[in-house]
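What follows is each chain in one-letter form.
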Amino acid sequence: MRRDSLLFRYLFREVSIATSASFAVVCVILFYGNAVRNDEYFLQALFHSPETFFTLSGFFIPYAASYALPLGFVVGLLLSLGRMSADKEILAMRTVGLGMGTLLCPVILLSLLFSVLSVFLIGEWGPRSRALFDLRKTEIVLDSLDLILKRDGVLTFDIPPATEEGNSKDSSTALRSLMGPEVRRCGLAAGNVAGDVWRDLRLSFRDGSDRMVGVLSARSARVRRDTVRGILALNLEGIDLEGDFNSSASESARSPSFVSFESWSEPLELPLNDGSSGTSFKRLGYSQLYQAYIDPVNEDQRLEIAILLNKNLALGCSPICLAIMALPLSIRVGRRETMLNAGIALCFAMFYFFLVTFLPEALRDFSNLRPALWSWVPNVLCMCGGVFMLAKAD
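A short tour of the structure in this document, coming up. (Residues numbered from 1 in each chain as written. Predicted model: local features only at pLDDT ≥ 70, side-chain atom pairs only at ≥ 80, totals over all residues. Heavy atoms only, no water.)

1. Quick look at the overall build of the protein chain
Now for step 1: A count of helical and extended segments in the protein chain gives 12 helices and seven strands.
Now for step 2: The buried share among the 394 residues of the protein chain stands at 46%.
Now for step 3: Once local pairs closer than 6 in sequence are excluded, the contacts in the protein chain between residues at least 24 apart make up 71%.
Now for step 4: Total accessible area on the protein chain stands at roughly 20300 Å², and carbon and sulfur atoms take up 61% of it. (Helix = DSSP H or I, 4+ residues; strand = E, 2+ residues; numbered from the N terminus. Buried < 20%, exposed > 50% of the residue type's maximum accessible area, 1.4 Å probe, protein only. Contact = heavy atoms within 4.5 Å. Areas by Shrake-Rupley, 256 points an atom, 1.4 Å probe, with all protein chains shown as cover.)

Here you go:
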């Protein structure tokens, strides 16, 4: 009994140290890779204040950790068990009459702990932290618009296509009513951008083929930054507008027009280019996703929500499923070369993640096949294959 307890503690310690170290390394790599993609925002945050920089980094760590946890677990598991197999430690255990259950118990216990944490990270803490990251990033961008305008001389905003009629969330309604539905890009320049009142504004509007469709000049504008919706709202005054407002006419019949008026009844809302603002299903936790799924307003998006829910849960349960598969695999291919074991683990884990993501998307158009449930197929295959190899090895 004492021998089994000592072996259990030894195995648990060896596997937990390797998996924790691998998780930390993978987490740093994923964090760095995603930080490079958002380097401009991190630089702006650092320029704003060190506290803002560390706050932005803190929001990003749980998102990176949510994907690093299952990946780091399987890498650490193969490294630790592969090393023990290469050093004949597992052979020595089996020589004295210990079965696979001796190895299986600490690994399963550790994988259960990692699975519980992974379910929480992938489906709850990670998405919420990424939503806070996007919100803080939007705040940084909106607060830095005057500095960017002074530096570059012009701000460019991409105008999204018109949504279905009656959508009150469309931030470009006032813009289209002013310039027409063809506008796809807006360039903003201003002579004075101090405070919340900008002066001597000039806005140029272009269509999808980059043809100039109008120019707006304004004496001043009261600026409002909406961080929740990710828009810059301009209450314009002293407006001179020149452009082609007869977009339905033929090319030869079009002629520019000029109008002048003191103010516009609605604020001109310009959306940020990065598209990170607003509500995204990928930024919602489990309870919020379920509420969105049962909401009749989202009936056309229920399949997307169901796929996301099942994928998050399947990835969250991946440590226990991958452990059952990786345990006999690490013993069969156990080698002393650390990089080889790490490469095998990475290839195995990446193929698993590819299947979890690819299968539901590939079957999206076949609703009778329940594409959302196909996220669980890699888990089932790993468990069945692992149980088969464990039974054969024992």
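Okay, back to it.
2. Some points on unusual backbone geometry
Now for step 1: Not every positive phi belongs to a glycine, and Asp210 is a case in point at roughly 65°.
Now for step 2: For Asp210, a relative accessible area of 43% puts it in the partly exposed group.

3. Some thoughts on helix α8 (residues 286-294)
Now for step 1: Within α8, burial applies to Tyr286, Leu289 and Ala292. Angular distribution of buried residues about the axis of α8 spans 125°; they occupy a single face of the element. (Arc of directions from axis to C-beta.)

4. Observations concerning the pattern of salt bridges
Now for step 1: Evaluation of the coordinates by the stated rule reveals 14 salt bridges.
Now for step 2: Here Asp210 ties to Arg185 by a salt bridge, and the two come within 3.2 Å at their closest N and O atoms. You can see Asp210 sitting in the loop between β3 (197-207) and β4 (212-226) and its partner Arg185 sitting in strand β2 (residues 183-192), a full 25 residues away along the chain.
Now for step 3: With a closest N to O distance of 3.2 Å, Arg211 and Asp207 form a salt bridge.
Now for step 4: Within the structure, one salt-bridge network assembled from shared partners comprises Arg130, Asp134, Lys137 and Arg283. (Salt bridge = Lys/Arg side-chain N within 4 Å of Asp/Glu carboxyl O.)

5. Describing the packing of aromatic side chains
Now for step 1: Enumeration according to the criterion identifies 13 aromatic pairs in this entry.
Now for step 2: Between Phe42 and Phe133, the aromatic rings sit 5.9 Å apart at their centres with planes inclined by 40°, giving tilted as the arrangement. Residue Phe42 is located in helix α2 (residues 39-48), and its partner Phe133 is located in helix α5 (residues 100-143); the two are separated by 91 residues in the primary sequence. Accessibility assignment for this pair places Phe42 and Phe133 in one class, buried. (Phe/Tyr/Trp six-rings, centres within 6.5 Å; stacked < 30°, edge-to-face > 60°.)

6. A word on the nonpolar core
Now for step 1: Val74, Leu77, Leu81, Val107, Tyr352 and Cys382 are the most contacted members of the largest nonpolar core, which has 42 residues in total.
Now for step 2: Contributing elements (two or more residues each) for this core: α1 (2-37), α3 (50-86), α4 (89-95), α5, α10 (318-332), α11 (338-362) and α12 (377-393).
Now for step 3: Ranked by residues supplied to this core, first place goes to α3 with 12 residues.
Now for step 4: Core analysis: the next-biggest nonpolar cluster, separate from the first, contains 30 residues, Ile159, Cys186, Phe205 and Leu232 among them. (Core = buried A, V, L, I, M, F, W, Y, C linked by side-chain atoms within 4.5 Å.)

7. Points about the pairing of β2
Now for step 1: In this structure, strand β1 (residues 155-158) lies alongside β2, joined through four bridges in antiparallel fashion. Opposite Asp158, over in β2, you have Arg185 as the bridge partner.
Now for step 2: Relative to β3, β2 runs antiparallel, the two sharing eight bridges. In the strand pairing of β3, Cys186 is matched with Phe205. (Pairing = 2+ DSSP bridges.)

8. A few points about the packing of α8 against helix α9 (residues 302-316)
Now for step 1: Running from amino to carboxyl end, α8 crosses α9 at an angle of 155°, the nearest separation of the two axes being 9 Å. Considered as vectors, α8 and α9 are oriented roughly antiparallel to each other. Of the two elements, α8 crosses α9, and the hand of that crossing is left-handed. Of the residues in α9, those in contact with Tyr286, Leu289, Tyr290, Ala292, Tyr293 and Ile294 of α8 are Arg302, Ile305, Ala306, Leu308, Leu309, Asn312 and Leu313.
Now for step 2: Of the residues contributing to the contact of α8 with α9, the split by class is 11 nonpolar, one polar and one charged. (Axes fitted to C-alpha atoms, helices over the stretch in contact; angles between N-to-C directions. Parallel < 35°, antiparallel > 145°, perpendicular 65-115°, else oblique. Left-handed = near helix turned anticlockwise from the far one by under 90°. Nonpolar A, V, L, I, M, F, W, Y, C, P; charged D, E, K, R; others polar.)

On their own, these measurements won't tell you what the molecule is for.
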